[in-house]
Amino acid sequence: MQTNFLSQQFNAGPFEENSTACPANATICDGTSCVLPEDNFNQTLSVVLSTVLTIMLALVMFSMGCNVELKNFLGHLKRPWGIFVGFLCQFGIMPLTAFVLSLAFNILPVQAVVVMIMGCCPGGTASNIIAYWVDGDMDLSISMTTCSTLLAMGMMPLCLFIYTKMWTEASAIVLPYNSIGLSLVALVVPISFGIFVNYKWPSKAKLILKVGSIVGAVLIVLIAVVGGILYKGSWVITPKLWIIGTIFPAAGYTLGFLLARLSGLSWHRCRTVSLETGMQNTQLCSTVVQLSFTPEQLELMFTFPLIYSIFQLLFALLILGGYRLYRRHHVKTKTDVEKTAQKEDSKSSAQINGGFVSNEMK
């Protein structure tokens, strides 16, 4: 209904003046920048691709679950020191970083709000795939993603209430609790099946994991490409948002790693917390933005989730490439150095975790 209204509204003189620069069906036109209405083909393509990608993602999460040891997973839930550190990063560091960046670059209020929404979102599922490739703690990674998605039900409105008061009323932001719930179900169910397969048939689970990890890596790139194809807007976004979209994920990765290390976690868990902090659920952010703002406001802010998604993936690939180079030149990384670091970490973390030491540390 809003699209039809805008089409009628911009059929007047200003639209006719820009008709040579914009397509005839543009709904918002400003010089060479325009917004196109969704057509039936685009809606159908979006539904088909979303369905296919959702099924593929569920299969990938199933394969990631095949790498989770039930004892270690339950150990993280019973003595959640690593999860607690991740919680501080996810709902402490990220919203605060978003707030500081918004003030530092003095962006428009509506743009500051979308940056805050991104900072308050839970971790994305792509972090589980990257965590596997950097030899992270998969039990911690999956438990962090699950817990952050569950806690987002309460922490997102709380953080938005605290940080967005100077720009807008928190009640004006619509949180799609059904989408958050569906994300949680889509995460928990396939992972649970994967954990069961790993428990019953460990040898088959390893084969599924190898295939799923490769498919997952391809899927991350595919989702980014599909998001760019389906995105029809062509307006020019202020350079400040591009800069924030570059700094923000890099700050999340860096600060998450530092806090995890200061908390006494081992190196492989520091990498895990870092990835879980910097990789946000950008699809959820896009949904919140579309539900909460008018098309005129979306013109100023809608591409930010896409910008963040691009740079969080780029920095994650850089982290992966750097780690792989490190492993190539340090053969003992996985067998000796990590185990040594874990044993050292177990002495300090055992006191914090009530004496709990996972099997891999023994």
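Residues numbered from 1 in each chain as written. Predicted model: local features only at pLDDT ≥ 70, side-chain atom pairs only at ≥ 80, totals over all residues. Heavy atoms only, no water.

Together, Leu70, Leu74, Leu77 and Tyr199 make up a nonpolar patch on the protein surface, roughly 380 Å² of accessible area in all. When residues in the nonpolar patch are grouped by element, the largest group, 3 residues, is from helix 4 (residues 70-78). If you trace the backbone, leucine 74 turns up in helix 4. Note on leucine 74: relative accessible area 35%, which makes it partly exposed. (Patch = residues over 30% accessible without salt bridge, like charges linked within 9 Å, V, L, I, M, F, W, Y side chains within 5 Å. Areas by Shrake-Rupley, 256 points an atom, 1.4 Å probe, with all protein chains shown as cover. Salt bridge = Lys/Arg side-chain N within 4 Å of Asp/Glu carboxyl O. Helix = DSSP H or I, 4+ residues; strand = E, 2+ residues; numbered from the N terminus. Buried < 20%, exposed > 50% of the residue type's maximum accessible area, 1.4 Å probe, protein only.)

Under the defined criterion, the tally for this structure stands at 2 salt bridges. The residue arginine 327 makes a salt bridge to aspartate 135 at a minimum N-O spacing of 2.7 Å. In this pair, arginine 327 sits in helix 15 (residues 304-329) while aspartate 135 sits in the loop between helix 7 (126-133) and helix 8 (138-163), placing the two residues 192 residues apart along the sequence. On the basis of relative accessible area, arginine 327 is assigned to the partly exposed category, the value being 26%.

On to unusual backbone geometry, then. Positive phi, close to 50°, is recorded for asparagine 106, a residue that is not glycine. Mapped onto the elements, asparagine 106 comes out in the loop between helix 5 (81-104) and helix 6 (109-120). Its relative accessible area of 62% is what places asparagine 106 among the exposed residues. With a phi close to 55°, aspartate 135 is a non-glycine residue in the positive phi region.

With respect to the helices and strands, threonine 277 occurs in helix 12 (residues 267-278). The residues contacting threonine 277, other than those within four sequence positions of it, are Cys89, Gln90, Met94, Gly252 and Gly256. (Contact = heavy atoms within 4.5 Å.)

This part takes up the packing of aromatic side chains. For the coordinates displayed, the defined rule picks out 10 aromatic pairs. With a centroid separation of 5.7 Å and 55° between ring planes, the pair formed by phenylalanine 87 and phenylalanine 91 is classed as tilted. With phenylalanine 87 and phenylalanine 91 both in helix 5, this residue pair falls 4 residues apart, about one helical turn. Connected via pairs of aromatic rings, a cluster forms that spans Phe99, Tyr163 and Trp167. (Phe/Tyr/Trp six-rings, centres within 6.5 Å; stacked < 30°, edge-to-face > 60°.)

Quick look at helix 15 now. For helix 15, built from 26 residues, the straight-helix expectation of 38 Å at 1.5 Å per residue is met to within 8% by its first-to-last C-alpha distance of 38 Å. Every buried residue belonging to helix 15 is among Phe304, Pro305, Ile307, Tyr308, Ser309, Phe311, Gln312, Leu313, Ala316, Leu320 and Tyr323, and all of these are buried. (Expected span 1.5 Å × (residues − 1).)

A word on the UniProt feature "transmembrane region" (unreviewed entry) in the chain. When the UniProt feature table is mapped to this numbering, "transmembrane region" (unreviewed entry) covers residues 45-63, 83-105, 112-134, 140-163, 175-195, 207-229, 241-260 and 306-326. Counting secondary structure, residues 306-326 comes out at 100% helix and 0% strand; the distance between its end C-alpha atoms is 30 Å. (UniProt positions renumbered as here; feature names shortened; annotations may be inferred.)

The interhelical angle for the contact between helix 7 and helix 8, taken along N-to-C directions, is 170°, at an axis separation of 10 Å. Comparing the axis directions of helix 7 and helix 8 gives the class roughly antiparallel. Contact with helix 7, carried on its side by Ser127, Asn128, Ala131 and Tyr132, involves Met138, Ser141, Ile142 and Thr145 of helix 8 and no other residues of that element. Within the contact of helix 7 with helix 8, the residues separate by chemical class into 4 nonpolar, 4 polar and no charged. (Axes fitted to C-alpha atoms, helices over the stretch in contact; angles between N-to-C directions. Parallel < 35°, antiparallel > 145°, perpendicular 65-115°, else oblique. Nonpolar A, V, L, I, M, F, W, Y, C, P; charged D, E, K, R; others polar.)

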